[in-house]
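These are the residues of each chain, in order.
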Amino acid sequence: MRIEILCTGDEILTGKTINTNYSHIAQRLGDAGLEVCWGTTVGDDRASLLSAFRLAATRADAVIVNGGLGPTVDDLSQQVAAEAAGVPLVLNEPWLARMEAFYARRNRPMPPNNRKQAMLPAGAEFVDNPIGTACGFAVIIAGTRFYFTPGVPREMRRMLDEQVLPRLLASAGLQGVTRLKRFHSFGIGESRADEMLAGIEALAPGGGVKLGFQAHYPELETKLAVRAADRDDLDRKLAPIEAEVRRRLGSFIVAEDDQTLEAVVLGALRARGGSLALAETFTGGAIASRLLQVEGADDIVRRGLVSRDAAALAAAVDGAAREASPATALEVCLALQQQSGATHVLAVLVTMEGGREAGDIGGAITIGLVGPEARIMREARLVGGREWVRLGAGEMALDTLRRHLLGLPTDERLDFERR
């Protein structure tokens, strides 16, 4: 089956918005054993969209269209799809009722232009969107089946997994079920992870498991794409490999599947009735920002201090300015613990170092962690530019806290640390 992904939107075409939807769709199709042959980006222009739909129909067996299902005047996917298919738009009464109920639950009247989202090409197959107001649909254009999905990433991802992928697999004659198991790690690079997991695919009874990696610093994603006859067979294939990945990668695994490192940390704190205060330099409050995006974080994060350097940070908590050092990190933690009443305090002090080239710029990182009966100091040096150091320092600090809370070694050396 030859598949084309067609993304719409002026913001995508002009580069104002990075097209992460395309990469996600393409990767998920590849993980499921489906081949993406073309990727097209089209702006919000009726003639251009119509031309792109007609061209895609001549060369692809299936097309996934992403975007253009909203209520505004520049959302054109339904209208152009109907024109390309040679059918009129008709009102989908059940979807209109669902939209009206959606707004009623929020005590808001539905804007009149949202009615446009319930107008679908006549004869189109309805594709459910359980978490948004833009329903998907599938329609035949010149003998090729087109699947239309919304541009909102979380809506698209759920519809892709629950609605579109099963239909594509059935059309391609690929029987059975698939699953993508993901492990997120910090501290090991792609080449080392590949060595650590060598031969692991052969452990699956009867085969059907594909190992892959995706590096997005500071984390590495290890993926297991599994195909099986049914759910029981899938679990049987995946179980021994999951266990072996956890054994081999060990404490470098910070989260799995849709989990995040920050959610794991907050979950571990919540499980022990703990709370947290933070002190950050150079990161711009990135650690606090990550934590506070997790639901329920407000009950755990007591206080956050952000400063330009260690001297100003120390002065903010106890009135004495000092240079970055393990002793300063410890004193900042103790003072902030007393002020905030938090059970745990995490401090990150970063001192930047120059270099001849941008990639030679590095930073000395000092992490302090104080908790009940625990005083931990962690020092490291990262090289690779300001953003590399900023991201690495935040991840290293959260990982140090995670390791402590889970009873793992906090001084395990990372692949990209420099002496």
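See the structure shown above.
Okay, so let's go over this structure.

Parameters and conventions
Residues numbered from 1 in each chain as written. Predicted model: local features only at pLDDT ≥ 70, side-chain atom pairs only at ≥ 80, totals over all residues. Heavy atoms only, no water. Helix = DSSP H or I, 4+ residues; strand = E, 2+ residues; numbered from the N terminus. Buried < 20%, exposed > 50% of the residue type's maximum accessible area, 1.4 Å probe, protein only. Lys, Arg positive; Asp, Glu negative; His and termini not counted. Charge placed at Lys NZ, Arg CZ, Asp CG, Glu CD. Pairing = 2+ DSSP bridges. Axes fitted to C-alpha atoms, helices over the stretch in contact; angles between N-to-C directions. Parallel < 35°, antiparallel > 145°, perpendicular 65-115°, else oblique. Left-handed = near helix turned anticlockwise from the far one by under 90°. Contact = heavy atoms within 4.5 Å. Nonpolar A, V, L, I, M, F, W, Y, C, P; charged D, E, K, R; others polar. Right-handed = clockwise from strand over helix to strand, strands pointing away. Disulfide = S-S within 2.5 Å. Expected span 1.5 Å × (residues − 1). Phe/Tyr/Trp six-rings, centres within 6.5 Å; stacked < 30°, edge-to-face > 60°. Lys NZ or Arg CZ within 6 Å of the ring centre and 35° of its normal.

1. Here's the deal with the overall build of the chain
Here's step 1: Regarding its fold elements, the chain presents 13 helices and 17 strands.
Here's step 2: Oriented by its inertia axes, the alpha-carbon framework of the chain measures out at about 75 × 55 × 50 Å.
Here's step 3: Here the chain, with 419 residues, has 50% of them falling under the buried criterion.
Here's step 4: Here the chain carries 48 positive and 54 negative side-chain charges, and the mean point of each set is 1 Å from the other.

2. Re the sheet that holds strand β8 (residues 144–149)
Here's step 1: Sheet architecture is open: six strands sit in the order β2-β1-β3-β8-β7-β6, paired in mixed fashion. Sheet topology places β2 (35–42) and β6 (125–127) at the edges, where each strand pairs with a single neighbour. Along the sheet, successive strands turn relative to each other by an average axial angle of 25°, direction set aside.
Here's step 2: By the bridge criterion, five bridges tie strand β7 (residues 136–141) to β8 in an arrangement that is antiparallel.

3. What about the packing of helix α3 (residues 46–59) against helix α4 (residues 77–85)?
Here's step 1: Close contact between α3 and α4 brings their axes to 10 Å; oriented N to C, the two are set at 50°. Viewed along their axes, α3 and α4 adopt a mutual orientation that is oblique. Once α3 is placed against α4, the crossing between them reads as right-handed. Contacts between α3 and α4 involve R46, L49, L50 and F53 from the first element and S77, Q79, V80, A81, E83 and A84 from the second.
Here's step 2: A per-class count over the contact of α3 with α4 returns six nonpolar, two polar and two charged.

4. What to know about the pairing of strand β14 (residues 301–307)
Here's step 1: Pairing of strand β13 (residues 276–281) with β14, which is carried by six bridges, proceeds in the parallel orientation. Bridge pairing links E280 to V306 in β14.
Here's step 2: Once you follow β13 into helix α10 (residues 286–292) and on to β14, the crossover reads as right-handed.

5. What about the environment of R158?
Here's step 1: Looking at where R158 falls in the secondary structure, it is placed in helix α6 (residues 153–171).
Here's step 2: Here the alpha-carbon distance between R158 and D128, two residues 30 residues apart in the chain, equals 9.9 Å.
Here's step 3: Not counting chain neighbours up to four residues away, the residues in contact with R158 comprise P130, I131 and Q163.

6. Considerations on the state of the cysteines
Here's step 1: Overall, the coordinates contain zero disulfides when judged by the stated rule.
Here's step 2: Distance from the sulfur of C7, which forms no disulfide, to the nearest cysteine sulfur (C37) is 16 Å.
Here's step 3: Classification of C7 as buried rests on a relative accessible area of 1%.
Here's step 4: Of the residues examined, C37 reaches a relative accessible area of 29% and is grouped as partly exposed.

7. Describing the environment of Q79
Here's step 1: Examined against the element boundaries, Q79 turns out to sit in helix α4.
Here's step 2: Along the primary structure Q79 and P121 are separated by 42 residues, whereas in three dimensions their C-alpha atoms are 7.6 Å apart.
Here's step 3: Apart from residues lying up to four places away in sequence, Q79 is in contact with R46, L89 and K116.

8. Quick notes on helix α12 (residues 326–340)
Here's step 1: Taking 1.5 Å per residue, 15 residues should reach 21 Å; α12 reaches 21 Å between its end C-alpha atoms and fits that length.
Here's step 2: For α12, the complete set of buried residues consists of T328, A329, V332, C333, A335, L336 and S340.
Here's step 3: Residues of α12 that are buried sit in contact with β13, β14, α11 (310–318), β15 (344–353), β16 (362–371) and β17 (374–383).

9. Considerations on the pairing of β16
Here's step 1: The buried fraction of β16 is high, at nine of ten residues.
Here's step 2: With nine bridges connecting them, β15 and β16 associate as antiparallel partners. In the sheet register, V348 faces β16, and the bridge partner there is I367.
Here's step 3: Where β16 meets β17, ten bridges bridge the pair, whose relative direction is antiparallel. Note on β17: the bridge partner recorded for G371 is A374.
Here's step 4: In this structure, the hairpin formed by β16 and β17 is closed by a connection of two residues, where E373 is found at a positive phi of approximately 60°.

10. Focus on the packing of aromatic side chains
Here's step 1: Taken as a whole and judged by the stated rule, the model has nine aromatic pairs.
Here's step 2: For the pair F102 and Y103, a centre-to-centre distance of 5.5 Å together with 80° between the ring planes defines the contact as edge-to-face. Each of the two residues, F102 as well as Y103, counts as buried.
Here's step 3: Between F146 and F148 the ring centres are 6.3 Å apart and the planes differ by 20°, which places this aromatic pair in the stacked class. Here the two residues F146 and F148 agree in accessibility, since each one is buried.
Here's step 4: Each residue in the set F53, F137, F146 and F148 is aromatic and connected to the rest through ring pairs, giving one cluster.
Here's step 5: The ring of F183 is capped by K181, whose NZ or CZ atom sits 5.3 Å from the centre of that ring.
Here's step 6: The ring centre of F252 lies 5.6 Å from the NZ or CZ of R403, which sits over that ring.

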